[in-house]
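Topology and contacts: notes
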Amino acid sequence: MSELITNGPVSFETAARNICEAGRILDSKAMAPATSGNYSMRVDDGSFAITASGFHKGRLIEDNVMRVDAEGKALEPKKPSAETLLHTQIYRHYPGANAILHVHSGNGVVLTRLLGGDVLLAGYEMLKVFPGVNTHEVKVRLKTVDNTQDMPALAELLEPEIAGLAVPVYVIRDHGFYVWGKDMDECLNMCEAVDHMLGLELQVLTFKGLPKKGFFV
Ligand SMILES: [Zn+2]
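Our subject in this report is the structure included herewith.

Reading guide: rules and limits
- Residues numbered from 1 in each chain as written.
- Predicted model: local features only at pLDDT ≥ 70, side-chain atom pairs only at ≥ 80, totals over all residues.
- Heavy atoms only, no water.
- Helix = DSSP H or I, 4+ residues; strand = E, 2+ residues; numbered from the N terminus.
- Contact = heavy atoms within 4.5 Å.
- Areas by Shrake-Rupley, 256 points an atom, 1.4 Å probe, with all protein chains shown as cover.
- Lys, Arg positive; Asp, Glu negative; His and termini not counted.
- Charge placed at Lys NZ, Arg CZ, Asp CG, Glu CD.
- Disulfide = S-S within 2.5 Å.
- Buried < 20%, exposed > 50% of the residue type's maximum accessible area, 1.4 Å probe, protein only.
- Salt bridge = Lys/Arg side-chain N within 4 Å of Asp/Glu carboxyl O.
- Donors = N, O, S within 2.8 Å, 3.2 Å for Na, K, Ca; no water.
- Pairing = 2+ DSSP bridges.
- Axes fitted to C-alpha atoms, helices over the stretch in contact; angles between N-to-C directions.
- Core = buried A, V, L, I, M, F, W, Y, C linked by side-chain atoms within 4.5 Å.

A separate point is the overall build of the protein chain. Of the regular secondary structure elements, the protein chain holds five helices and eight strands. In terms of overall dimensions, the protein chain has a C-alpha envelope of 50 × 40 × 30 Å along the principal axes. Taking the intrachain contacts of the protein chain between residues at least 6 apart in sequence as the baseline, contacts between residues at least 24 apart amount to 63%. Carbon and sulfur atoms form 54% of the exposed surface of the protein chain, whose accessible area is close to 10,000 Å². Of the side-chain charges in the protein chain, 21 are positive and 27 negative, and the distance between the mean point of each set is 6 Å.

Per the counting criterion, the structure on display carries zero disulfides. Considering cysteine sulfurs only, Cys187 is the nearest to Cys20, which forms no disulfide, with 15 Å between them. On the accessibility criterion, Cys20 (3% relative accessible area) is buried. Not engaged in a disulfide, the cysteine Cys187 finds its nearest cysteine sulfur in Cys191; these two sulfurs lie 6.7 Å apart.

For the structure on display, the rule yields 13 salt bridges. Here Asp45 makes a salt bridge to Arg67, at a shortest N to O gap of 2.8 Å. Within this pair, whereas Asp45 is found in the loop between strand 1 (38-42) and strand 2 (48-51), its partner Arg67 is found in strand 3 (residues 65-68), the two being separated by 22 residues in sequence. Taking the relative accessible area as the measure of exposure, Arg67 reaches 24% and is therefore partly exposed. Put simply, Asp118 and Arg141 hold a salt bridge, and the shortest N to O gap is 3.9 Å. With a gap of 23 residues between them, Asp118 in the loop between helix 3 (106-114) and strand 5 (119-122) and Arg141 in strand 6 (residues 139-145) connect regions that are remote in the sequence. What makes Asp118 buried here is its relative accessible area of 14%. By relative accessible area, Arg141 is classed as partly exposed at 42%.

The next subject is the coordination of the zinc ion. Distances from the zinc ion to its protein donors, Glu83 (OE), His102 (NE2), His104 (NE2) and His175 (NE2), fall at 2.1 to 2.7 Å. Ordering the donors of the zinc ion by residue number gives the pattern E-x18-H-x1-H-x70-H. Of this pair, His104 sits in the loop between strand 4 (99-103) and helix 3 while His175 sits in the loop between strand 7 (169-172) and strand 8 (176-181); the two residues are 71 residues apart in sequence, bridging distant segments of the chain. Taking the relative accessible area as the measure of exposure, His104 reaches 25% and is therefore partly exposed.

Residue position: Gln89 is located in helix 2 (residues 84-93). Dropping the residues within four chain positions of it, Gln89 is found in contact with Ala155, Leu158, Glu159 and Ile162.

Turning our attention to the sheet that holds strand 3. Judged by pairing direction, the sheet is mixed, and its eight strands sit side by side in the order 3-2-1-4-8-7-6-5 without closing on themselves. In this open sheet, the two edge strands, each paired with only one partner strand, are strand 3 and strand 5. For this sheet the average axis-to-axis angle between neighbouring strands, irrespective of direction, equals 20°. Pairing geometry for strand 4 and strand 8, over five bridges, is antiparallel. Directly across from Ala99, in strand 8, lies its bridge partner Gly181.

So, about the nonpolar core. A general tendency of soluble globular proteins is for nonpolar side chains to be buried together. Ranked by internal contacts, the top residues of the largest apolar core, which has 47 residues, are Leu101, Phe130, Leu142, Phe177 and Met184. Of all the secondary structure elements, the ones that give two or more residues to this core are helix 1 (12-28), strand 1, strand 4, strand 5, strand 6, strand 7, strand 8 and helix 5 (184-208). Listed in part, the 22 residues of the second largest apolar core include Leu86, Met151, Leu165 and Tyr178.

Inspection of helix 3 places Gly108, Val109, Leu111 and Thr112 among the buried residues, and these make up the whole buried set. Where helix 3 is buried, its residues contact strand 5, strand 6, strand 7, strand 8 and helix 5.

Worth remembering: the numbers are spatial, not functional.
Structure below.
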């Protein structure tokens, strides 16, 4: 069985290896330009493993991953990602989430730059990647928030809604998206699928033109 497929929280060492592997995979799919993005996993001692700030995710080594506590405070003398607070918020609301990926999806940036409101994905076979979705005949709304550098404000904005999201994803306009899963394998699959569907939406728009209304709400 792949080390990426796990049954719950893992050791810090396993988490660090999984995070490095995720970085190489996402870099190969153009979802990790420069030092963008941040990744984390729930650790079996109650702490969290997260990428330290400022490293290229395609070239991560295990020393670039660090421990933080449930409040996002560093448990070792390294600088955690600026967006650590958003990771700990997801873990707090989703006890079954053991891995989180935040990527600067180019498809997500262009799509949300063109259209306002939440991203709506409908009719895609690939929607079945989400837990509980068994058919393409659904409309899935991806909560979409405006970009900001004020992470506490963004966390506060998300707080009332995050526990009730239809799928384990939210989008940040002009920036990228967050996705979480029960292990790194599931999380990577959803990450690829979301980026793929955002890219397809973009292609549809290219041919159909911008909707007057009702396409995105
Ligand atoms: Zn980011």
